[in-house]
Amino acid sequence: MMNWYQKNIVPRLLNSEMGSKELEEIRRVVLASACGIVLEIGVGPGYNLPLYKNISKLYALEPSKELTDIAKTRANTLLFPVEFLNTGAENISLPQHSVDTVVSTWTLCSVSDPKKVLQEIKRVLRPEGNFIFVDHGASPNFALRAIQTGLTSVTKYFTGNCHYDRKLEELIREAGFIIKKIEHPHEQFKPLIYNYQGVATLS
Ligand SMILES: C[S@@+](CC[C@H](N)C(=O)[O-])C[C@H]1O[C@@H](n2cnc3c(N)ncnc32)[C@H](O)[C@@H]1O
């Protein structure tokens, strides 16, 4: 039953949830600095694809076949080559130091092992490359964080392993990245969401 739900309902939910105008505005800001050979982890329904400017190639990593099929419908008219990688970001099938930019938009909240994913991002990123991200995670407010943890015990089952309470800034720093820029954009009418948007580098 749960497998059926993950396969048939979650992709439809994400296709409708992730396509809002408000998220599109945040996506535009985040993706403006993507350049060169780009790896996007957890492409999902592909809402970022038409927003990339000035990139030479995109590796579009997504473990769900159903979401990849939706993303492919948004990849038809792009001016750069797109190669889909059907795998989790815990094991990225690219050589070390092979990409200029790694992008993660609302994916670190859903991966099974964020520490392993961050090590893989470090491995494939060129030493002077950028890891650009936006995601919702743990609020610095203790009371709100307790509610986020309660909510996560439900959402991880029903919205594709989505966690509301990951300490993203801490996880990124502990993985060995230097955070060059971090902001916390608000989403209207979503008081439980605490977004982390930023750029991290290796040097
Ligand atoms: C909330 S959706 C975000 C989708 C997309 N990044 C966006 O901005 O619309 C989370 C995405 O993470 C993907 N995901 C889940 N586990 C993953 C993993 N281990 N590695 C890579 N992506 C994963 C899901 O399949 C889904 O596409």
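Conventions we followed
For every chain, the first residue of the written sequence is number 1, and numbering continues from 1 along that sequence. Predicted model: local features are reported for residues with pLDDT of at least 70 only, side-chain atom pairs are reported and counted for 80 or more only, and whole-chain, interface and lining totals are derived from all residues. By convention in this description, side-chain values take in all heavy atoms of the structure and omit both hydrogens and water. Proximity is defined per residue: any heavy atom of the residue falling within 4 Å of a molecule or strand makes that residue near it. Pairs of N or O atoms are called polar contacts if they sit within 3.5 Å, as long as, within protein, a hydrogen donor faces a hydrogen acceptor (for residues adjacent in sequence, only side-chain-to-side-chain pairs). The accessible surface values rely on the Shrake-Rupley method and a 1.4 Å probe; as for residues, cover is taken only from the protein chains in view. Detection works on a 1 Å grid of protein atoms alone, calling trapped sets that fit a 1.4 Å probe cavities and calling open sets with protein on both sides within 12 Å along at least five of seven lines pockets, with lining residues defined by an atom within 4 Å of a point. Occupancy of a cavity or pocket is assigned to a molecule whenever over half of its atoms lie within 2 Å of that pocket's grid points. Gly counts as polar in this scheme, as do all residues outside two lists: the nonpolar Ala, Val, Leu, Ile, Met, Phe, Trp, Tyr, Cys and Pro, and the charged Asp, Glu, Lys and Arg. Two rings from Phe, Tyr or Trp (for Trp, the six-membered ring) form a pair when their centres are within 6.5 Å of each other. A pair whose planes differ by under 30 degrees is stacked, one over 60 is edge-to-face, and the rest are tilted. Helix and strand labels come from DSSP, where a helix needs a run of H or I of at least four residues and a strand needs a run of E of at least two; each type is numbered from the N terminus. For every residue, the accessible area obtained with a 1.4 Å probe (protein chains only) is divided by the maximum for its type, and the residue is called buried under 20%, exposed over 50%, and partly exposed between those limits. Grid points are joined across faces, edges and corners, and a volume is the space filled by probe spheres set on the points.

1. Some thoughts on the site of the ligand
Move 1: For the ligand, the set of nearby residues contains 18 residues, the closest of which are Arg27, Gly42, Glu62, Glu90 and Thr105.
Move 2: Take Glu62: an N or O atom from its side chain is 2.6 Å from an oxygen atom of the ligand.
Move 3: Contacts to the ligand include Glu90, whose side-chain N or O atom sits 2.8 Å from a nitrogen atom.
Move 4: Summarising the interface, the protein chains cover 91% of the accessible area of the ligand, which totals 590 Å² for the free molecule.
Move 5: Judged by the proximity of its atoms to the pocket grid, the ligand belongs to the largest pocket.
Move 6: Taken together, the residues of the shell around the ligand break down into nine nonpolar, six polar and three charged.

2. Some details on the packing of aromatic side chains
Move 1: Inspection of every chain in the model, using the stated rule, returns five aromatic pairs.
Move 2: Considering the side-chain rings of Tyr5 and Phe158, the 5.8 Å spacing of their centres and the 85 degrees angle between planes classify their relative orientation as edge-to-face. Remark: Phe158 occurs in helix α6 (residues 142-158) and Tyr5 occurs in helix α1 (residues 2-8); sequence separation between them is 153 residues.
Move 3: For Phe158, a relative accessible area of 41% puts it in the partly exposed group.
Move 4: Here the aromatic rings of Tyr52 and Phe80 are separated by 6.2 Å at their centres, their planes lie at 90 degrees, and the arrangement is edge-to-face. Here Tyr52, found in the loop between β1 (36-41) and β2 (55-61), pairs with Phe80, found in the loop between α4 (65-73) and β3 (82-85); they are 28 residues apart in sequence, far enough to count as distant.

3. Things to note about the layout of surface pockets
Move 1: As a volume, the largest pocket reaches approximately 970 Å³.
Move 2: What lines the largest pocket is a set of 43 residues, and nearest its centre among them are Leu14, Trp106, Ser110, Thr159 and Gly160.
Move 3: Elements supplying a minimum of two residues to the lining of the largest pocket: α2 (10-17), α3 (21-31) and α4.
Move 4: Broken down by element, the residue count for the lining of the largest pocket peaks at five residues, all from α2.
Move 5: Looking at the lining of the largest pocket, its residues break down into 19 nonpolar, 16 polar and eight charged.

4. Description of the side chain of Glu120
Move 1: Tracing the sequence through the fold places Glu120 in helix α5 (residues 114-124).
Move 2: Using a relative accessible area of 12% as the deciding quantity, one classes Glu120 as buried.
Move 3: Among the polar contacts listed, one links the side chain of Glu120 to the backbone nitrogen of Ile92, at a separation of 2.7 Å.

5. Here's the deal with unusual backbone geometry
Move 1: Within the chain, Asn161 stands out as a residue other than glycine whose phi angle is a positive 65 degrees.
Move 2: With respect to the helices and strands, the residue Asn161 is situated in the loop between α6 and α7 (168-174).
Move 3: Residue classification places Asn161 among the partly exposed residues on the basis of a relative accessible area of 23%.
Move 4: Phi at Phe189 takes a positive value of approximately 60 degrees, unusual for a residue other than glycine.
Move 5: Mapping Phe189 onto the fold places it in the loop between β6 (178-183) and β7 (195-201).
Move 6: Given a relative accessible area of 79%, Phe189 falls into the exposed group.

Scope: geometric values only; no functional claims are made or implied.
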